[in-house]
Amino acid sequence: MTTPRNMQRLDQQLVLPLEGESSDRRSFLRLMGFGVAAGALASCSRAPVSKAVPWLTAPEDITAGRAYRMATTCAACPTGCGALVTCKDGRPLKMEGLPGHAVSDGALCAVGQASVLELYDSQRIDGPQRSDKPCAWADADVAIANALDTLKSAGRVRILTDTRTGPATLATIQSFLARTKDGRHVMYDALSCSAIAAAHLATHGLRAMPRIDLAKAKVLAAFDADFLGTWYSPVEHARGWAAARRNKQPDAHSRHWHFESSMSVTGGVADIRRRLAPHELPAAIARLAALVTGGGGIRSELSCEADLVLLADELRSARGSALVLCGTNDVGVQTQVNQINAALGAYGSTLDLGTSSRQRRGDDAAVLELWNELDSGSVDLLIVAGVNPAFDFPARASTLSKARLFVSLATNHDETSALAHWTCPEPHFLERWDDHEAQDGVVAIGQPLIQPLMNGRTLRLSLARWSGDQSDELALLKRSFEANVFSRQKDIGSFTRWWRDLLHNGFARVAPRGGAHPFQPNGVQAAAARTAPSGGEFALVLTPKVGILDGRHAHNPWLQELADPVSRLAWECEACLSPAAAARLGVSEGDVVRIEAQGMQALRAPVHILPGLHDQVITFPLGYGRACTERFAGIGPKWWEGERTLAQGQRLGSNVAAWREIAHVRVERSGEHVELATVQDYRSLEVPAHLAPAHGEVRNHVRHASVAALAADPHAAHAGTHHPAAAELWSPDHANSGPRFGLAIDLSACNGCSACVIACQAENNVPVVGRDEVRRHREMAWIRIDRYESGTGDDVAVHQQPMMCQHCGHAPCESVCPVLATVHSADGLNQQVYNRCVGTRYCANTCPYKVRRFNWFDYPHEDALENHALNPDVTVRTRGVMEKCSMCVQRIQEARLEVRRLGLAVEDGDIQTACQQTCPTQAIVFGNLDDPKSKVAMLAAGGRSYRVLEELNVAPSVHYLADVRNPRA
Amino acid sequence: MTTISTATPKASAIHHATPQPHAPAHSATDIPLITGGVTRSDVTRNVMDPIEQGVNGRWWAAFALALTALLIGVVCTWYQIKTGIGTWGLNRTVGWAFDITNFVFWVGIGHAGTLISAVLLLLRQKWRTSINRSAEAMTIFAVICAGIFPVIHMGRPWLAHWVFPLANTRGTLWVNFRSPLLWDVFAIGTYFTVSLLFWYLGLIPDLATMRDRAKGLRKKVLGFFAMGWNGAARTWSRYETACVLLAALATPLVVSVHSVVSTDFATSFVPGWHATVFPPYFVIGAVFSGFAMVLTLMLIARGVMRFENYITMKHIHAMCKVIVFTGSIVGLAYTTELFTAWWSGVGYEVFAFKNRMFGPMAWSYWIMFGCNVIAPQALWFRKVRNSLGAVFLITLLVNVGMWFERFVIIVTSLTRDYLPSSWASYTPTWIEGGTMLGAFGLFFTLFLLFCRFLPMICVFEVKTVLPPSTGSKGGHH
C-alpha cells in the first residue's frame, strides 16, 4: 500500500547524511548498499495505522460534519424529561428538550443540559473492580453468581436504587429477586418526596404522587416547595406555571403565594411571598386546612395569620383551579395538604392521581428498615445502583459493609463504591439502553448514542447476567416491552412498528394503571410537633441548589461553575443568613461561621447574606463535600498569584447530610474570613443611598408592573421612564440586507433556573475557569441571569434578568475596535472575529451591558476525552481574545443551509438559540425583528416591551417584556 | 584646551532679537538666568565634563537603582506575555487599569518637553534654554514608556502590528479609522517622530562641539551625528530656520496628542468618560504633569550634576508659576466635570461623579484632588518657591496626583457603570505593580544614560543668555 504518507516516510529514510564526509568510492558503495537495503526494508514495513480515515462505507444517514438528532430520555435525575440529543461526528454533544414530550415538552433543566459532559468524564470507572482493583466482567459475574447460588434457598438480597420507573428495569429487578428467597427492591431519593406518596397512601389509598398541572392553577399557594428550581419536576412545573401567567386577562392571571423559610428560586418570583419559620409550617398548614375546610376556628398566633385568612378566601373562591403545594417531608403535614386540596377540588383538575407522577418513588420507611437489617448483619447481598447511601447517610456508612456481599454500580468512584466489595459500573445514560415511565402511562426509551467510552454495564444487564441470562441488552429490553408494555396500548397492532415509533418519538402513551382514588378524610393525620428555636439558636434548613441538587453531579465542572441563581456564588458551599440575623451575629459576607449541634461535628461555612431569609434560619446547601470533587484542586489557570480552587485532595464544601434530623443549631463566628467567588457583587437596582439623590435612585433596567396596572394601561411598566426618541445624526453605516435577528425575553416568565446558562456553555464551548477566576470576576458565561433584590424581610422582591450580548444596531463596541475584530453582520448580529482580535478590551470597557468576556488565560483543555464534548461548529477561543454571545450564529447557519438544501425559505421558528430551546418557561424568543408576523416582532411591539438602556440610542436587538406580578390590590 | 569650537553662537534671529540679550528680558526680575559668573568656556566645560570625564558615584547608584527597576519590569512583562493578561488584576468589568493609566500618565509627562522646546521657543522665553534639552529628552523617554503599555496591554501583543494600516493579504480587511485607539497610534507615532527630530536637531551644534573636543573613534561617531556642522553663518541661519519650522510643526502636537488620547475616553459610553471637556482638560493636565516632572528631574540633576549655575532660582520660579497656573486650570476642569454631570441631568453621569467622590474608591479621588489642586497652591508664595525641598515635594505630589487622575478616570468609572449587576472592584497584582515600576526604571535608565553621554544643557543656547560681561570674558574658544 503506497499512500502519500508512506512515500514521505520512505523519502525521509533515503536521505543520507553525506555532508561533511569525503565521498570516496568505498564509502559511496557502503552508503548505497545501506540505502538500498534500508529502502527495501522501509517499503516492506506496514504504513502506520491512522485512525482518521474517511468512511469507505459510510453509516447510513450519517454525513461527516452534519449533525443528527436522536430522541432519548434524560437520566440525569429520575424526573424523566425527554431529550433530543444532537450528535456530531458520532459524538453526542448537546442535550436539548424533546418537543412534545409528555413530561417536559421540549425543555431541559440545567442539570440535564450539563449531564452530557459527564459522558466524556475521563475519571469514570472503566470496567468492574474488586475492591479497588480492576478485574474482568467474567470474574465479577462468577463471584456474584456463585454467591447467589448459595442464596437461592436462604438469605436476604437487597437492591438499593434511586427512583427507577422503567417497566423493563423493574421487571428485571423483580425477576432477579424472585430467584432468591427474600429479595426486596428498596428505592430512596436523597431529595426525598416520600411523605407526599405516603400521605396519598393514607388519604387516597394509593402510594403515589399526583401529577401537578400548574397551568390550571389560578390560585397557587406553595409552602417550602421550590417547584421551579429543585423540586421533583422543575421543567414540567415551570412550563405549567408560566402558562398560567402568560398573556392572560387580568382576572385569568394566576396568583402565586409562597411561604418559605429559605429563599428559593420559586419564592423569588412569587406574587406574594411570606417568610415562615420551619417550626411554624405544621401550624400554618393546619390553620389553612381549618380555614379552607370551612371551620375557621380560633385565630392563630402565627405571624402569617392575616395572610392565611386572605389566602384561604382566595383559594376557596377559586375552587377547582386552586392548589396548595408543600415540600416538607412530614407525612402528617402532607395529609393535611391533601385535605386542603381535596376541599378545594384540586384532585381531578390541578392534581391528577389517575396519571400520577412516578418521578420520586423513594420510601423513607423502607430505607430505615434496610438500615436495621444491615445493622443486624442479616443482609447477604446488597446491590446499590444510582444512589450514594454512604454520602446521603454518612452516619450509617459503616453499616453498608456489614452486608456479606456488597456490590456497587457507581459510575464514578464515590463514598459508597469505596466500601463495596465489587464495583460493576453502569454506563452513562447516553451510551446505554434505558427505559422510563416517569408518569403513569407515559413510557419512554433511552437509547445509546455512542459506542460506550467506558466498560460499563447497566443494572438491567448485570442482573440478567447474574440470573444466567446471556441475551444482549436490546433483546432484553424489547422482550420485556413486548411482554409487559405493548399490551397496554391498542392503537398499533404490530410490536415492531410500535417499537420503531417509540424509538423515533422517544416516548409513547399507554394505558395508565391509575384509577379512581377518592379522598378519605379519616386518613388525615396530625403533624409531628416542631419546636421553635430557643433564644440565640437558629433553625437549620438544608437547601439544594439548582445545579448541585443532592450532589450526584457534584463532579461536573459546568454545574459547579454555574452561579447559583439565588446566592450568585459559584464553587462555594455557603451558609445563608438574613441581614438581620447576620447583624445579630456580627458577621458579614464571607465571614466563616461554625455551626454546632449536640453530638455533631461542627460545620464550617462562609456566610452569604441573603435578604428574604427568615431571621431565625440558617441555610446550608446539600450535595457538597462529595468524593469526586477532589478533581477540582487544579482546575482553572495556573499562575503565580492564582489560588487553587481546592487544596490538593480536599473536597469542595462539607457534607451536611448527617444533619437532616437536626432542627436547631448554634451558630458562632469563627473569626476567619474568605472572599467568596461571586459573579454579582451588587444585587440591587437601587444605587447606594449615599450616592443617590435625596429621593433615591432606582435604575430601570428591570421594568415591572402589576396585572391590575397593566389592565388599566398596557404601557404601565414604562411609567416614569419616558425617553425622547433619539435623533439620528448619521445615516446607518451598515445596511441591513437580510433579516434583522433579535430576541424577546419575557421577564415575568424567567425564574432564574439557569438552564439557558448551561445550554449556552455546552453549545458555545464556554470554558470553565475555576473558583479563583470567578472570585476575580472573570467568569466566562455568555449569558448570565442578573438578580436584583429590593426590600427587606417579607417585602423582598426579586427580579431576574437574563443578560447577554444585546447585538446593538449602533454597537459602541464596533466603533472602538482598532482592528475591526467586532463588526455588524447584514442580518443584525454583532459579530466577534476571534482570529482578528488583538485583545485591547476597549470593546468590553465601552459595552454598557458588560456582556463581553475576555480570555485572560489559555484555559486548560488537557483532558483529551473531555475535549470530545466540544462543539466542532464553534471555535475554541485562544488566550487574549474577546468573546461573547453570538446568538448561536452556528445554529443560524446550520438552519439556513438545511433550508436551502431543501429548497425552502427560513421561517419563523426554524432557528432556535440554545438558550431559547431549553428554556422551561419559553421566556426567550428568537426571530427576525423585521418580519412583522414573526413571534419576536409581535412580542417586541407589545405594550410590555422595552429595551435595556435604550436611552443610550445603541439600538439593542434584545427586547425585554416587563415583569408582571399579581399582588393583592 | 585650545580647540576652536565651530559651535560659536551667532546672533540668532530668535535668541538675539536684541543686541543686548539680557537687558529687556530681565526687566521683570533681577535674578539673572545664569548665575555664578560663568564664562562661555565654563559653560562648555561644565556641561561636557560629565560626558568626557565620566560620572560620579551618585550617578552609578541612581543608574543601578533604575536598571533594577527596569529589570523587574522586564521580568514581569515577560511573565505576563507568556502567561496571559490574567496576571494583571483586571476583570470583566474593569478592562483597563494600570496599563492605560500608565500610558496616559507617560504621554502626559512628555508634553512639557514639547511645550518648553517648541512653544516657549516661539514665544521667545529665554529661561527655557537651560532646561529644554533635558525636557525634550524627557519627552522622548516618556513617549517610549507610554508606547510600551498599549502594546503589552493587548491580549495578543505579537499581533500588535495589526493596528497599523499595513498592506496585507487579507483582502479589504484593514484598520478601523473610527477607533480612537487607531488615532492614538497616529498621534503617538507622529509625536514621537517630531519630538525625536526636534531633539536631534537641537543637539547638532553641541554634538559638533563634542566632536571638536574628541579624538579617535569617538570623534568619527560624533562627526557622523554632527552631520558635518561647520558653524558657518549660513549653517546657523539655516539651522535657525529649521528649528523654527519644526517648532511650528511641533506646537500643534502639544494640543493634538493629548486631545486624541482623551478621545479614547470621551468617545466611549462609560459615564465619567463620555465628556466633551476631555481634550482641553487632558492637555492642560499633561502640561501640568509634564512641568512637574521636568522640575523634579531638574532639581535632581541640579544637585547630582552640579548645575546650580545653569538651573537657577529663576528657572525654578518660572516653572513653579507654570505649575500653579496649570494646576489651577486642572482644578477648574475637575469642578467643570462635576458641574456638567449635574447640569446634564443624566442619572448615570451624576452617579459616576458621586461615586468617584464618595464611593468605595473615593480615596483615589481625594488623593488626586489634594495633590493636583490643593498642593500646588502653596507655590503662590515666594517663600515656598524659594525652598527647594518644598518645591521638590510639591512636584512629587503633582506627579502622584496626575497618575491618580488617570487612575480615577479609568478605574472608578469602569467599576460602576450602567448595570449594577456588573459592578466590580479592582485590585492590582504584583505583576502589574512590577510592570509599572519597570516603566519608571526604563525612564530613569534612559534619562541617566542621556545625562552620561549627551550634553544635558544646550551649550550653544545657554551661551546666548549669558550676561554680556561674563560672556565676553572667555575669549579663548
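Presented here is a report on the structure given in the accompanying data block. (Residues numbered from 1 in each chain as written. Chains lettered and ligands numbered in written order. Predicted model: local features only at pLDDT ≥ 70, side-chain atom pairs only at ≥ 80, totals over all residues.)

Helices and strands together make up the secondary structure of chain A, namely 27 helices and 37 strands. Computed over the C-alpha atoms, the radius of gyration of chain A is 30 Å, within 12% of the 30 Å expected from 2.2 N^0.38 for a compact globule of 969 residues. The C-alpha extent of chain A, read off along each of the three principal axes, is 120 × 90 × 65 Å. Counting every position in chain A, which comprises 969 residues, the buried fraction comes to 56%. (Helix = DSSP H or I, 4+ residues; strand = E, 2+ residues; numbered from the N terminus. Rg over C-alpha atoms; globule rule 2.2 N^0.38 Å. Buried ≥ 20, exposed ≤ 12 C-beta atoms within 10 Å, placed from the backbone.)

Here we come to the interface of chain B and chain A. Of the residues lining the interface, 45 residues belong to chain B; the matching set on chain A comes to 48 residues. Where the side of chain B that touches chain A is concerned, the elements lending two or more residues are helix 5 (180–213) and helix 10 (347–358) of chain B. Of the residues forming the side of chain B that touches chain A, the biggest block, five residues, is contributed by helix 10 of chain B. (Contact = placed C-beta atoms within 7 Å.)

Residues and elements named next belong to chain A. Read from one edge of the open sheet, three strands run 1-2-3, paired in antiparallel fashion. The open sheet terminates on both sides in strands that have one partner only, identified here as strand 1 (68–73) and strand 3 (91–97). For this sheet the average axis-to-axis angle between neighbouring strands, irrespective of direction, equals 30 degrees. By the bridge criterion, six bridges tie strand 2 (residues 82–88) to strand 3 in an arrangement that is antiparallel. Its bridge partner lying in strand 3, Lys88 is registered against Arg91. This element, helix 3 (residues 110–119), spans strand 2 and strand 3 of the sheet and lies at about 165 degrees to strand 3. (Pairing = 2+ DSSP bridges. Axes fitted to C-alpha atoms, helices over the stretch in contact; angles between N-to-C directions.)

Turning our eyes to something else, we now look at the sheet that holds strand 5 (residues 133–134) of chain A. The seven strands are arranged 5-4-16-15-14-6-7 (chain A) in an open sheet whose pairing can be described as mixed. The sheet is open, and its two edges are formed by strand 5 and strand 7 (182–187) of chain A, each paired on a single side.

Attention shifts here to the nonpolar core. Ala110 of chain A together with Val294 of chain B are the most contacted members of the largest nonpolar core, which has 430 residues in total. The biggest single contributor to this core is helix 8 (residues 278–304) of chain B, with 16 residues. Core analysis: the second largest hydrophobic core is formed by five residues, Ala208, Met210, Ala226 and Trp229 of chain B among them. (Core = buried A, V, L, I, M, F, W, Y, C linked by C-beta atoms within 7 Å.)

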